[in-house]
Number of protein chains: 2
Amino acid sequence: MGFSDVDKLAINTIRTLAVDATFKANSGHPGSPMGMAPAAHELFNKFMTFNPDNPKWANRDRFVLSNGHGCMLQHALLHLCGYDLSMDDIKNFRTPGHPESFETPGVEVTTGPLGQGFANAVGLAIAQAHIAGVFNKPGHNLISNRAFCFFGDGCAMEGIASEAASLAGHLWSRKNECAKNGKAKENDWNNQLARYAEEYPAEYAEFVRRTEGKLPDDLEATLPEYCASDAAVASRKLSETVLEKINSIIPELLSGSADLTGSNNTRWKGAIDFQPPEYGIGEWDGRYIRYGGREHAMASIMNGLAAYGLIVPLSGGFLNFVSYNAPSIRLAALSKLRVIHIATHDSIALGQDGPTHQPIEVLSHFRARPNCMHSSLTRQNLPHLKNSSVQKALMGGCGYMVLDSANAAVTLVSTGSEVSVCLQAAAILEKQDISARVVSIPCFEVFDQQEESYRLQVLPDDIPILSAEAASTLGWERYSHQQFGINRFGASAPPDELFKMFNLTPEGVAKRAALTVSFYAGTLSVGKQTVLSPIRRAFAQIL
Amino acid sequence: MGFSDVDKLAINTIRTLAVDATFKANSGHPGSPMGMAPAAHELFNKFMTFNPDNPKWANRDRFVLSNGHGCMLQHALLHLCGYDLSMDDIKNFRTPGHPESFETPGVEVTTGPLGQGFANAVGLAIAQAHIAGVFNKPGHNLISNRAFCFFGDGCAMEGIASEAASLAGHLWSRKNECAKNGKAKENDWNNQLARYAEEYPAEYAEFVRRTEGKLPDDLEATLPEYCASDAAVASRKLSETVLEKINSIIPELLSGSADLTGSNNTRWKGAIDFQPPEYGIGEWDGRYIRYGGREHAMASIMNGLAAYGLIVPLSGGFLNFVSYNAPSIRLAALSKLRVIHIATHDSIALGQDGPTHQPIEVLSHFRARPNCMHSSLTRQNLPHLKNSSVQKALMGGCGYMVLDSANAAVTLVSTGSEVSVCLQAAAILEKQDISARVVSIPCFEVFDQQEESYRLQVLPDDIPILSAEAASTLGWERYSHQQFGINRFGASAPPDELFKMFNLTPEGVAKRAALTVSFYAGTLSVGKQTVLSPIRRAFAQIL
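Residues numbered from 1 in each chain as written. Chains lettered and ligands numbered in written order. Predicted model: local features only at pLDDT ≥ 70, side-chain atom pairs only at ≥ 80, totals over all residues. Heavy atoms only, no water.

Taking an unreviewed UniProt entry as the reference, chain A is identified by name as transketolase belonging to Penicillium daleae. Annotation of chain A in UniProt includes, under Subunit (unreviewed entry), the sentence "Homodimer." Database annotation for chain A, UniProt heading Sequence similarities (unreviewed entry): "Belongs to the transketolase family." (UniProt positions renumbered as here; feature names shortened; annotations may be inferred.)

Caption draft 1: Quick peek at the packing of aromatic side chains. Counted under the stated rule, the structure contains 37 aromatic pairs over all chains. One aromatic cluster is present, formed by A:F44, A:F50, A:F63, A:Y83 and A:F150 through successive ring pairs. Across the ring face of B:Y308, the terminal group of B:R62 is positioned such that the distance to the ring centre comes to 3.9 Å. (Phe/Tyr/Trp six-rings, centres within 6.5 Å; stacked < 30°, edge-to-face > 60°. Lys NZ or Arg CZ within 6 Å of the ring centre and 35° of its normal.)

Caption draft 2: Quick peek at the relation of the copies chain A and chain B. Taken as rigid bodies, chain A and chain B are interconverted by a rotation of 180° and an axial shift of 0.0 Å, the fit giving an RMSD of 0.0 Å. The symmetry that links the two subunits is that of a two-fold axis. Of the C-alpha atoms belonging to chain A, the one lying closest to the rotation axis is found on A:G159, 1.7 Å away. (Least-squares fit on C-alpha atoms with pLDDT ≥ 70 in both.)

Caption draft 3: Focus on the domain arrangement of chain A. Residue and element names in this part refer to chain A. For chain A, the domain assignment lists domain 1 (5–171), domain 2 (222–382) and domain 3 (392–520). Averaged C-alpha coordinates put domain 1 and domain 2 at centres separated by 29 Å. Summed over both sides, the interface of domain 1 with domain 2 buries roughly 2600 Å², with 67% coming from carbon and sulfur. Considering only the surface of domain 1 that becomes buried against domain 2, H130, E163 and L171 emerge as the three largest contributors, covering 22% of it. Run the count over domain 1 and domain 2 and you get zero salt bridges. Taken together, the links from domain 1 to domain 2 amount to 15 residue pairs in polar contact (both at pLDDT 80 or more). Put simply, the parts of the chain that give the side of domain 1 that touches domain 2 at least two residues each are α5 (116–135) and α7 (159–171). At 15 residues, the largest contribution of residues to the side of domain 1 that touches domain 2 is made by α5. Its residues assigned to classes, the side of domain 1 that touches domain 2 comprises 18 nonpolar, eleven polar and four charged. (Domains from an automatic or database assignment. Buried area = accessible area lost by both parts, 1.4 Å probe. Salt bridge = Lys/Arg side-chain N within 4 Å of Asp/Glu carboxyl O. Polar contact = N/O pair within 3.5 Å; in protein donor to acceptor, adjacent residues only side chain to side chain. Helix = DSSP H or I, 4+ residues; strand = E, 2+ residues; numbered from the N terminus. Nonpolar A, V, L, I, M, F, W, Y, C, P; charged D, E, K, R; others polar.)

Caption draft 4: Just the sheet that holds strand β5 (residues 288–290) of chain B, in detail. All names here are of chain B. Pairing is parallel across the open sheet formed by four strands, whose spatial order is β5-β4-β6-β7. Every other strand in the sheet has two partners, leaving β5 and β7 (340–344) as the edge strands with one partner each. Mean inter-strand twist for the sheet, computed between neighbouring axes without regard to direction, equals 20°. Of the strand pairs in this sheet, strand β4 (residues 253–257) and β5 are connected by three bridges, and their pairing is parallel. (Pairing = 2+ DSSP bridges. Axes fitted to C-alpha atoms, helices over the stretch in contact; angles between N-to-C directions.)

Caption draft 5: A look at the interface of chain A and chain B. Taken residue by residue, the interface counts 90 residues in chain A and 90 residues in chain B. Between chain A and chain B the total buried area reaches about 7800 Å² when both faces are included, carbon and sulfur atoms providing 58% of it. Taken together, the links from chain A to chain B amount to six salt bridges. In this structure, A:E477 and B:R478 form a salt bridge, with 2.7 Å as the shortest nitrogen-oxygen distance. Counting every contact that joins chain A to chain B gives 36 residue pairs in polar contact (both at pLDDT 80 or more). Looking at the side of chain A that touches chain B, the elements that each hand over two or more residues are α6 (153–157), α7, α12 (295–308), α13 (322–335), α14 (362–368), β13 (482–484) and α20 (506–525) of chain A. Top contributing element to the side of chain A that touches chain B by residue count: α13(A), with seven residues. Here the residues of the side of chain A that touches chain B sort into 32 nonpolar, 38 polar and 20 charged. (Contact = heavy atoms within 4.5 Å.)

Caption draft 6: Layout of the side chain of A:S405. Residues and elements named next belong to chain A. Within the element layout of this structure, S405 appears in the loop between β9 (400–403) and β10 (410–414). Residue classification places S405 among the buried positions, given a relative accessible area of 15%. Other than its neighbours up to four places away in sequence, S405 contacts S435, A436 and R437. (Buried < 20%, exposed > 50% of the residue type's maximum accessible area, 1.4 Å probe, protein only.)

In structure tokens form, the structure reads like this:
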């Protein structure tokens, strides 16, 4: 392929811009933009279709720079193509050190951690195939975009790339994916969309709603409600019930699992698998992805699905193996992508599977990670609690009182399955004339965002607070004066035996609550302190 | 290959034992032991060399069951081969739910999380090649063992397996690895060892020392010492200096990096790469492994190296990308393997590389993880501190007072580069007539293991404590009343600008220290509390 003089000038402009900016910033890699400039020039100018004035145009081609350390290539190209990225931004290093979708128009996904962009691109390709499968109609090839990815040897060595490539290889082994140029630009495409709107008004309305990322209005009404007399049920099962109720109301939910469908309960009845139709095992518009044992690529593909738009990806795994895809979930949090990870089997209740499968430190990890809302699900059955409700979880800021008590001597704070253990502990304490309050904080992130006055109602001064959770205590010090948990790895045994071994029983919690009460009474009696809620801050956090 | 009647009986015995135990335990997978039994029988009885009475015999063949959910296969085989694993253990489910090296004699590595065993096996093979390279002499084929691995489709789909396979493919692409039977058993091998001892007494002594896992005696004396007047230096550079000093004293150190050699400073001058000699770029006894962009397999291979014995694996990476290999480091912690991960570039000081590269939640993750001692290294230069020393770090329990002060109004607690920020903050506070103590806690794990009386000396009652670290505050509540940190993702900018943006400057810390002092003075004045050290416990932790 020969280059014209204009081509050569364009290529050299990309190169000098990228190199100058890299040197000026004293950061970044000049080599990769130098090497990639000719291919990038050809791709952006002769193959890809996009609109710099509307970077979110639904049918644009998507470009991913997986070797994100060469970001000046992408920044230079976006500037030269007319995106809102000025020469001053580049000169004054107001561009990020790696491509960031939340900072720079025209950047589809946030890359830099090696291999992530490669798997994101597979997600963008899956999204295209799925959305085309859902919305395209005979004579209406509404969605015809393509995904392109540049990646380096570093990306290729990463396991996540092998995972994504093998899944992509399965999905498109029989399909010619060759990039074609000459696809309609946005102004021609708008005519297509107008014809589509006329012929398929309902589908058009849905297309617009999903493009705008709006959830349907009638969502809350479809959620199941339970009362305390209902039979105990595992929260992974409750999650499945919710999915059964909402999947038809939220067709943008694209579910899946990393080879744990039967354990994660993420597949609703009658779900169709996302598969090439010619395999005879699913459809392009199928809404269940069989990711296989590819946790890391799964989460990264989900980021690509969410970044594409019109899709809310959801999948399942064991909580302990969220550590396999934690780097991708981090990028979702950083980029504020709407992805849902259902993590089941959330504690030593996993029992016989042993310590390799029992999370201890995972919750602390995600509680320390910004922009993550988390609340994990049990394998074991749990009773329904009297003072718990959809409204409280939504409006009460995911941290609320489950059991009140006048003249309480202690507040027990917990989450998930241990809340019912605390309620039973409170009943035991009552018999010892120790009055206890019980508080549930399903999600630290949401609770921390509430007004201080609300948080102080939940965790007030003058009452010592004991936390109890079957996991590391690290972080519970934020909400309690004393902590009870498991600061070691678990063990292999039936769940009941393990809870007894670790004393995480109603009796074990009650015993520590009583010790907490007498400890603070003792310190008070020598004038040491009345207890101040750990919520109280001497200064505001910088966020 | 035909099976004799004895073979068939043995195979069926494995099968029935595995299936009965699985059903009795109401946990585990019966299918994989059923299917793998014939191959496992052949391997254990006709190919492998090992000694059930001495499961740690140095030249034993190593077996890894990467699909660890089929553990009853391995437990049945170990029982039938005569290892210390009784029928009662199996019947009463005293065997773990997945193979655990720290629980069961004959289990080389802890497996279950998919793909880990596969990469461990590559590590065991590398260890064999290396140790043979170091100790074998002409006519003395002392180390000739092999590593065998069973793995399932789940393991094969995991990216870690692709990473490990591609590295193994590079290392052995020209070598015939075909398993041979008929290798010497331990009693024959002991004669070999005796001849070796006679001809190579120094090497023999070293072989014994390393087999026993003993470190050399003269280690501490070789460590470099600095005084406060020495020039500031990055702690990643200090780490390199230490490696330069100790690498010849500790020849069992097998270093490496995941493609970040120039950034992690893990390669000492004159180090020889571990490579097949026929490539002309290294030697089998080389002590530096070029892992490539394969963080996950690297950590898992290191686990294999450590499990083999005679080796202390060490490698480097950016702290934020420890999340790529966190699942393998977890297994190292669970199995108590001696592995060293040098994590550099430990905060927003990474600057222009931006939030994808700046750790926020990583330290909380590892502080919550049991059996991990951690202390990460900076890219930026740090001053040497007056009251800091090797002895204090070793004997002071990795948590000690750096600056004392009579009548202190506040204690500042921190770690790493922020300790010098706190010292500067103390100087600013002094001018405001606020006297401050400064404490460094490099490693939570080590500090938590010290006597309460010592910890109370470091963090005493009656003085409010403020923590400061350029990372998530989650977990610092354990040691402080107020916390200052970064509970959001970072940003792309030169490091100095970022520290100013987040107020993590001497002035910013001093301001918050003053607010902390007046806050507690205020609460005191209304009779609320004198401050109790957060170290004080109402009850003992279960460990």
